[in-house]
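# Residue-level structural notes
The residues making up each chain are set out below.
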Amino acid sequence: MGAGFERTSRFKTIHNIMRKIYSLVIIAILAASLSAQTAKQSEAEKNLRTHVSYLTSDELEGRRTGERGATYAAGYVSNIFQKYKLSAGFKGDDGKSAFLQPFDYVNGVDFEAGTSLSIDSKSVAMGGGFKPYVYTPSGTPGTAEAVFAVYGVSAPRLGWDDYAQIDVKDKYAVILAGVPGGGNPRSPFAAYNLHARANIAKEKGAKALIVIASNNDLEKERLASQNFNQTLGETAIPVVIVSRETGASLLRLKNAEELTATEKWLEQKPEDAQVYFAGRPMPKTDLSIVASKKKVAAYNVIGILEGRDKVLKNEAIIIGAHYDHLGRGGEGSLAPNSTDIHHGADDNASGTSALLDLVRVFTKEKKNKRTIIFISFGGEEEGLLGSKAYVQNPVFPLDKTVAMFNMDMVGRLRDDKLTVGGIGTSEIWNDLVTRMNKRVPNVYGKNKGPGAESSEDVMLFDLQLNQDGFGPSDHASFYGAKLPVLFFFTGTHSDYHKPSDTAEKINYAGLEKIADFVADLVRVVDSNQTAPVYKQAPSNQSEAGRRGFNVSLGTIPGYGDSDNTGLLLEGVRDGSPAAKAGIKGGDKLVVLAGKEIRNISDYVFMLGELKAGETYELEVIRNGEKVKLKVVPDPR
């Protein structure tokens, strides 16, 4: 074979050894890289678990706005912002900076001295014999006769009218707590809550509404122990709940047992109710209510990471998530009558924890060109109160704010399905989000950077893209202010708004993955010289948020407004009946189909009364002037 072959053989051997060494070095580098990334992921997951664990702890009691637990949660977020050396975002009237931006919140009602009820001049004890309804306005209707109106429902379209044979003008309407058909939520009468029945009683001329409790213990009567929700507004006339013994007195029955027997008979023959009571002299009743709303401070938590580009730092990107939840249930809870802590792990400790970890990531990088504003909102569950308060009092000019990213319920990633809303609020969103969802695998199985293009693209998420910028979370407030928005959401589940939404059910690996995705999107928007441009998006949301109706007007109600002088409309959907009628965002709706609209409760009830294709007159207040319009609802 000769010397040449021997040299060639030695060369090949050395080459093979060097190749193996090189391969080992590459493997070692990759291993070190993967180890570092694993450590990084572990750090992120550890932080996410820590944040969720505290926010869902019993100490915070469900974080209901206006209560101690929510204040503790705001303090916790503030401490994390301070830990990572964000600048305090709010400046008070005294010129001092703080992370907490306060806003007023009404969390209850006090009924003061002067609140009283008497029957035939005999005083009824407040607490044991009667309780003012938490949404009642103050009032002194005076002495008048009480008239039994059974359920207090007048619904000609359903063939039911409890007022057909009675006159309640300048009298007290006395009704049972329930509605026809019992408590079936699918009943067509389920929409006739006390706000609706108070409206009907007012239309019939009644001075006030007296409701006979369905529970033998007034303390346990649901209507008498509701938590206050300022978004619902006041009832049209004063409303009180009375015990069954008091109710029996009003109906001239012997006691609560006879009342129960009468109710059972009425369930079988409701049409005979007025005949049965017509010959009985009803008692003279006197009522006075002195109510004062309890205002407490609620908070947004705002931290600012200033941009590093001399020009672009004058523009801002907002990353947000609300920290509040439902406390121990009540209004908004899907666990009826439960007083257990509603932990709110997914809703929205998940989004808040992701927000806090993004603070860690961006403050560590210190590469952002634009200013990034991190906001953890209060009052979201009460009607987007915190985000509305920010939009009305921004710490950075809204016309210099280029985009808002909102994370709400991002803790239950399943089958990699991620909903991204607001895609239609800017021309660039669809392409950007879908492109950044792609990763290109290399020979080692590791995914290369975001937004890569290849025939071997691997998708991070199975994206569910929604166009609408409105919806039941804080991004809607910013879209209403004409800002491009993106909303991240992993879907609802059987634990939604129940005590069972707990920390151990969070998919922490999925939560980290979503936070990384949001960070990638923010980085692209931050680095581009051209900012996203607002665009009005087509709608794919139901009327009035969470409830379905037979008709649609295409309005965006202002759930956070409750001054009881009308319903502020934040916007109207493009091409909707409201838009065709000439209704505009900022209008205050005061009359619809001949009925007074004082708040969201009145509006929701009226939507259920309208028919598609019919023409209805309405009245709005616009720039202090009354404007009369006509609207034709579409079928939903």
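Parameters at a glance
- Starting afresh in each chain, residues are numbered from 1 along the sequence in its written order.
- Local features are withheld for residues below a pLDDT of 70 in this predicted model, meaning they are given only at 70 or higher, and side-chain atom pairs are given and counted only at 80 or more; totals for whole chains, interfaces and linings count all residues.
- Note that water and hydrogens are dropped before the side-chain values are worked out from all heavy atoms of the structure.
- Counting from the N terminus, the helices are DSSP H or I runs at least four residues long and the strands are E runs at least two residues long.
- Note on classification: 1.4 Å probe, protein chains only; a residue is buried when its accessible area is under 20% of the maximum for its type, exposed when over 50%, partly exposed between these limits.
- Between two residues, a contact is recorded if the distance between any of their heavy atoms is within 4.5 Å.
- Accessible surface area values rest on a Shrake-Rupley calculation with a 1.4 Å probe, where residue burial reflects the displayed protein chains alone.
- Strand pairing is defined by DSSP finding a minimum of two bridges between the two strands.
- Counted as salt bridges are all cases of a side-chain nitrogen of Lys or Arg within 4 Å of a carboxyl oxygen of Asp or Glu.
- Only the stretch in contact is used when fitting a helix axis, every axis being a line fitted to C-alpha atoms; angles between N-to-C directions are given from 0 to 180 degrees.
- Every angle not falling under 35 degrees, over 145, or within 65 to 115 is termed oblique; those three ranges are roughly parallel, roughly antiparallel and roughly perpendicular.
- Note on convention: near helix rotated counterclockwise from far helix by under a right angle means a left-handed crossing. Clockwise means right-handed.
- Side-chain classes are defined by residue name, with Ala, Val, Leu, Ile, Met, Phe, Trp, Tyr, Cys and Pro counting as nonpolar, Asp, Glu, Lys and Arg as charged, and the others, Gly among them, as polar.
- Within this scheme, the nonpolar core is defined by two criteria: the residues are buried Ala, Val, Leu, Ile, Met, Phe, Trp, Tyr or Cys, and they are joined through side-chain atoms within 4.5 Å.
- Note on scores: pLDDT gives the predictor's confidence for each residue, bounded by 0 and 100.

## Focus on the overall build of the protein
If you tally the helices and strands in the protein, you get 13 helices and 31 strands. A total of 636 residues make up the protein; the buried ones form 52% of that total. Intrachain contacts of the protein at a sequence separation of at least 6 include 76% that bridge at least 24 residues. Put simply, the protein shows about 28,400 Å² of open surface, and 50% of that area lies on carbon and sulfur atoms.

## Looking at the pairing of strand E29 (residues 616-622)
Counting buried positions along E29 yields five of seven residues, so the element is predominantly enclosed. In the sheet, strand E27 (residues 588-592) pairs with E29 via four bridges, with the strands oriented antiparallel. Within E29, the residue paired with Leu592 across the bridge is Leu618. Sheet topology places E29 next to strand E30 (residues 625-631); seven bridges connect them, and they run antiparallel. Looking at E30, one finds that Tyr616 is bridged to Val631.

## Digging into the environment of Ile428
With respect to the element layout, Ile428 can be found in the loop between strand E19 (417-421) and helix H9 (429-436). Given a relative accessible area of 35%, Ile428 falls into the partly exposed group. Placed 97 residues apart in sequence, Ile428 and Val525 show a C-alpha to C-alpha distance of 9.9 Å.

## A short note on the side chain of Ser601
Take Ser601: it is sitting in helix H13 (residues 600-609). Looking at Ser601, the relative accessible area reads 13%, which means it is buried. Contacts of Ser601, omitting those with residues within four sequence positions, involve His195 and Leu232.

## As for the pattern of salt bridges
Two side chains of opposite charge can pair, provided their charged atoms sit close to one another. If you walk through the whole model with that rule in mind, you get 29 salt bridges. In this structure, the salt-bridge partner of Glu203 is Lys595, at a minimum N-O distance of 3.1 Å. Within this pair, whereas Glu203 is found in helix H3 (residues 194-203), its partner Lys595 is found in strand E28 (residues 595-596), the two being separated by 392 residues in sequence. Lys595 gets classed as partly exposed once you look at its relative accessible area, which sits at 30%. The network of salt bridges with common partners includes Arg412, Asp495, Asp501 and Lys505.

## A short note on H3
Because each turn of an α-helix spans 3.6 residues, side chains separated by three or four positions end up pointing in the same direction. Taking burial as the measure, the ten residues of H3 include eight buried ones, the bulk of the element. Buried within H3 are the following residues: Leu194, His195, Ala196, Arg197, Ala198, Asn199, Ile200 and Ala201. The elements touched by buried residues of H3 are strand E9 (154-155), strand E11 (172-176), strand E12 (208-212), strand E13 (239-242) and H13. Where H3 ends, the next residue or the one after it, Gly205, has phi of about 95°, a positive value.

## Comments concerning the packing of helix H7 (residues 345-365) against helix H11 (residues 508-527)
The description of two packed helices rests on the angle between their axes and on the distance between the axes. It is the contact of H7 with H11, at a shortest axis distance of 10 Å, that shows an interaxial angle of 50°. One element, H7, and the other, H11, form an angle in the oblique class. In the crossing of H7 with H11, the sense of the turn from one axis to the other is right-handed. Each of Ser350, Ser353, Ala354, Leu358, Val361, Phe362 and Glu365 in H7 lies in contact with H11, whose residues at this interface are Leu511, Ala515, Val518, Ala519, Val522 and Arg523. The residue makeup of the contact of H7 with H11, split by class, is nine nonpolar, two polar and two charged.

## A short note on the nonpolar core
Ranked by size, the top nonpolar core spans 84 residues in total, and within it Leu209, Val211, Ile241, Leu592 and Tyr603 carry the most contacts. Among the elements that line this core, the one with the most residues is H13, at six residues. Counting residues in hydrophobic clusters, the runner-up holds 61 residues, among them Ala73, Ala321, Val433 and Val525.

## Digging into helix H8 (residues 385-392)
Within H8, seven of the eight residues are buried, which leaves it mostly tucked inside the rest of the structure. Considered for burial, the residues of H8 that qualify are Leu385, Gly386, Ser387, Lys388, Ala389, Tyr390 and Val391. Buried-residue contacts for H8 involve strand E4 (100-111), strand E15 (291-305), strand E16 (316-322), strand E17 (371-377), helix H10 (475-480) and strand E26 (567-572).

## So, unusual backbone geometry
For the bond running from Asp347 to Asn348, omega is 0°, close enough to zero to count as cis. Its place among the elements puts Asn348 in helix H7. The phi torsion at Lys85 lies on the positive side, around 60°, for a residue other than glycine. Positionally, Lys85 belongs in the loop between helix H2 (68-83) and strand E1 (87-88).

## Describing the confidence of the model for the protein
In low-pLDDT segments, the atomic positions of the prediction should not be examined closely. Residues of the protein with pLDDT of at least 70 account for 86%, and the chain-wide mean is 87. In the predicted structure, residues 1-39 sits below a pLDDT of 50 and forms four contacts with residues beyond four places in sequence or in another chain. Note that residues 541-548 has pLDDT below 50 and, in this model, 25 contacts with residues that lie over four places away or in other chains.

## Considerations on the sheet that holds strand E8 (residues 139-148)
Reading across from one edge, E6-E5-E14-E8-E11-E12-E13-E7 is the order of the eight strands in this open sheet, with mixed pairing throughout. Because the sheet does not close on itself, it has two edges, and the strands there are strand E6 (122-124) and strand E7 (130-132). Averaged over all pairs of adjacent strands, the angle between strand axes in this sheet comes to 30°, irrespective of strand direction. Bridge count between E11 and E12: five bridges; the pairing is parallel. Bridging from a neighbouring strand, Val174 pairs with Ile210 of E12. Across the face of the sheet, H3 comes into contact with E11, E12 and E13 while running at roughly 135° to E12.

## Digging into the side chain of Ser78
Inspection of the secondary structure puts Ser78 in helix H2. Residue classification places Ser78 among the buried residues on the basis of a relative accessible area of 11%. Excluding its chain neighbours within four sequence positions, the residues that come into contact with Ser78 are Phe99, Leu100 and Val301.

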